[in-house]
Amino acid sequence: MNKKLLVGVGTAALSFAGIWLLKQKLPLAPKVPVTDENTVLLYQYSYSPFCVKVARIMDYKGIPYKQIEILPFLHKNFIKNLSGQGLVPVIQHQGKTLYDSTFIAKYLEEFCPEPSIFIQENHQLNQEILMIEDWADESFEPPFGTLAMIYAFAHPEIITESDDYKTGVAVFDNNKDKIAPFIIGKKLKEYGIDATQKDLLKKRARENLGILSAKLEKGEFLVGNRLTLADIAVASHLTAAEKVPYIYEDDQYSHIFEWQKNIFKATKRRFASSLT
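This is a predicted model, so every value here is computed, not measured. (Residues numbered from 1 in each chain as written. Predicted model: local features only at pLDDT ≥ 70, side-chain atom pairs only at ≥ 80, totals over all residues. Heavy atoms only, no water.)

Asks: Describe the pairing of strand S1 (residues 40–44), with residues and values.
Replies: Taking burial as the measure, the five residues of S1 include five buried ones, the bulk of the element. The pairing of S1 with strand S2 (residues 65–69) spans five bridges and is classified as parallel. Bridge pairing links Gln44 to Glu69 in S2. Handedness of the crossover is the feature at issue here: the chain leaves S1, passes through helix H2 (residues 49–61), returns alongside S2, and the resulting connection is right-handed. (Buried < 20%, exposed > 50% of the residue type's maximum accessible area, 1.4 Å probe, protein only. Helix = DSSP H or I, 4+ residues; strand = E, 2+ residues; numbered from the N terminus. Pairing = 2+ DSSP bridges. Right-handed = clockwise from strand over helix to strand, strands pointing away.)

Asks: Give a detailed account of the sheet that holds strand S4 (residues 96–99), specifying residues and quantitative values.
Replies: Read across the sheet, four strands follow the order S2-S1-S3-S4 without closing on themselves; strand pairing throughout is mixed. Looking at which strands have only one partner, the edges of the open sheet turn out to be S2 and S4. Adjacent strand axes in the sheet meet at a mean angle of 20°, parallel and antiparallel pairs treated alike. Bridge analysis of S1 against strand S3 (residues 90–93) gives three bridges, and the strand direction is antiparallel. (Axes fitted to C-alpha atoms, helices over the stretch in contact; angles between N-to-C directions.)

Asks: I'd love a proper account of the packing of helix H5 (residues 123–154) against helix H8 (residues 176–190), names of residues and values included.
Replies: With their axes 9 Å apart at the nearest point, H5 and H8 run at an angle of 140° to one another. What the angle tells us is that H5 and H8 run oblique. For the crossing formed where H5 meets H8, the hand is left-handed. Across the interface between the two elements, Met149, Ile150, Ala152 and Phe153 of H5 pack against Pro181, Ile184, Gly185, Lys187 and Leu188 of H8. Taken together, the residues of the contact of H5 with H8 sort by class into seven nonpolar, one polar and one charged. (Parallel < 35°, antiparallel > 145°, perpendicular 65-115°, else oblique. Left-handed = near helix turned anticlockwise from the far one by under 90°. Contact = heavy atoms within 4.5 Å. Nonpolar A, V, L, I, M, F, W, Y, C, P; charged D, E, K, R; others polar.)

Asks: Quick one: what's the story with the environment of Phe111, residue by residue and with numbers?
Replies: Following the sequence through the fold, Phe111 ends up in helix H4 (residues 101–111). For the pair formed by Phe111 and Asn38, sequence separation is 73 residues and the distance between their alpha carbons is 9.7 Å.

Asks: Just give me the short version of the packing of aromatic side chains, but keep the residues and values in it.
Replies: The geometry of an aromatic ring pair comes down to the distance between the two centres and the angle between the two planes. Within the structure shown, the criterion is met by six aromatic pairs. Where Tyr248 meets Phe257, the ring centres are 4.8 Å apart and the plane angle is 85°; that geometry is what we call edge-to-face. Here the aromatic residues Trp135, Phe140 and Phe144 are joined through ring pairs into a cluster of three or more. Lying over the aromatic face of Phe264, Arg56 brings its terminal NZ or CZ to 3.9 Å of the ring centre. (Phe/Tyr/Trp six-rings, centres within 6.5 Å; stacked < 30°, edge-to-face > 60°. Lys NZ or Arg CZ within 6 Å of the ring centre and 35° of its normal.)

Asks: So what's going on with H2? Residues and values would help.
Replies: Taking 1.5 Å as the rise per residue, H2 with 13 residues should run 18 Å; its terminal C-alpha atoms sit 18 Å apart, in good agreement. Buried residues dominate H2, accounting for 12 of its 13 residues. Looking only at H2, the buried set comprises Pro49, Phe50, Cys51, Val52, Lys53, Val54, Ala55, Ile57, Met58, Asp59, Tyr60 and Lys61. Looking one or two residues beyond H2, the residue adopting positive phi is Gly62, at roughly 75°. (Expected span 1.5 Å × (residues − 1).)

Asks: An account of the pattern of salt bridges is requested, with residue identities and associated values reported.
Replies: The tally for this structure, following the rule as stated, stands at six salt bridges. In this structure, Lys53 and Glu133 form a salt bridge, with 2.8 Å as the shortest nitrogen-oxygen distance. Here Lys53 is found in helix H2, whereas its partner Glu133 is found in helix H5, with 80 residues between them in sequence. In this structure, Asp250 engages Arg206 in a salt bridge whose closest nitrogen and oxygen atoms are separated by 3.2 Å. Here the residue Asp250 occupies a position in the loop between helix H11 (245–248) and helix H12 (254–266), and Arg206 occupies one in helix H9 (residues 198–216), the gap between them amounting to 44 residues. Arg206 sits in the partly exposed class, given a relative accessible area of 27%. Because the salt bridges share partners, they merge into one network encompassing Lys53, Glu133 and Asp137. (Salt bridge = Lys/Arg side-chain N within 4 Å of Asp/Glu carboxyl O.)

Asks: Pulling in residues and values, what's your account of the nonpolar core?
Replies: Ile91, Leu108, Phe140, Leu212, Leu222, Val234 and Leu238 are the most contacted members of the largest nonpolar core, which has 63 residues in total. The set of elements that each furnish at least two residues to this core consists of S1, H2, H4, H5, H8, H9, helix H10 (229–241) and H12. In terms of residue count, the dominant contributor to this core is H5 (11 residues). With 11 residues, the next largest nonpolar core counts Tyr45, Ile70, Ile79 and Val90 among its residues. (Core = buried A, V, L, I, M, F, W, Y, C linked by side-chain atoms within 4.5 Å.)

Asks: So what's going on with H9? Which residues, and what values?
Replies: The end-to-end C-alpha distance of H9 is 27 Å, a good match for the 27 Å that 19 residues give at a rise of 1.5 Å each. Inspection of H9 places Leu201, Ala205, Asn208, Leu209, Leu212, Ser213 and Leu216 among the buried residues, and these make up the whole buried set. Down the axis of H9, the smallest arc covering the buried residues is 140°, so these residues share one side. Those residues of H9 that are exposed and angled more than 90 degrees off the buried face are Asp199 and Lys203. In this structure, the buried side of H9 is in contact with H5, H10, H11 and H12. (Arc of directions from axis to C-beta.)

Here it is in structure tokens:
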């Protein structure tokens, strides 16, 4: 399963939207702030769990960073030219351009070792951390992300009425009711997904929550006795589950989302102790 998030438009809609956007004379590149060499530039979709993961790691480590919002299809070529591929998150730091949230996490750990998101003194636990992060990326998140798209396609008002999906570009934000259905519909078509698959996806999502619940019975953290990349990854991917009301509002999972809140509290912004 790839890591694209809620982007794209239908074939017919793409032509229409592309012409419409060009008429608006919108910039095809985002505004990039000038920063010092220690500040990371994070190119993101704010609603991407993979971008949330990277931001939470930097918050936890106290690494200074600036977020640059990438708009679907409008900035697609910009990201490709920047990183050689079309997905976010992408970071720029000290002359380097990096993509893939797992690779970025390892880079940030090397750049700022403390507080660590690994358990460096225990190779076996480190392997478990990486296995859980990979599970979170490749198995845990996809059914939630897809269910969120199916739900949003049926209920576009959750996008048009939510501040969480503001882009900062007025022509987008003022026309979300027209643009959002095109974007979501294309993504579902690209994955070959329709509403008939919802029950299977719900089953997989609930199975994943069952696996997570069983892990949490063993302790506050998923690996060892302190916060690691495994916790940050799973908590970040739960932001996709939050967008599926019939899961997020199900009382049997309330303890999981309470755990997520605690992990996010633990990753709140702090000053870094060992910037190099």
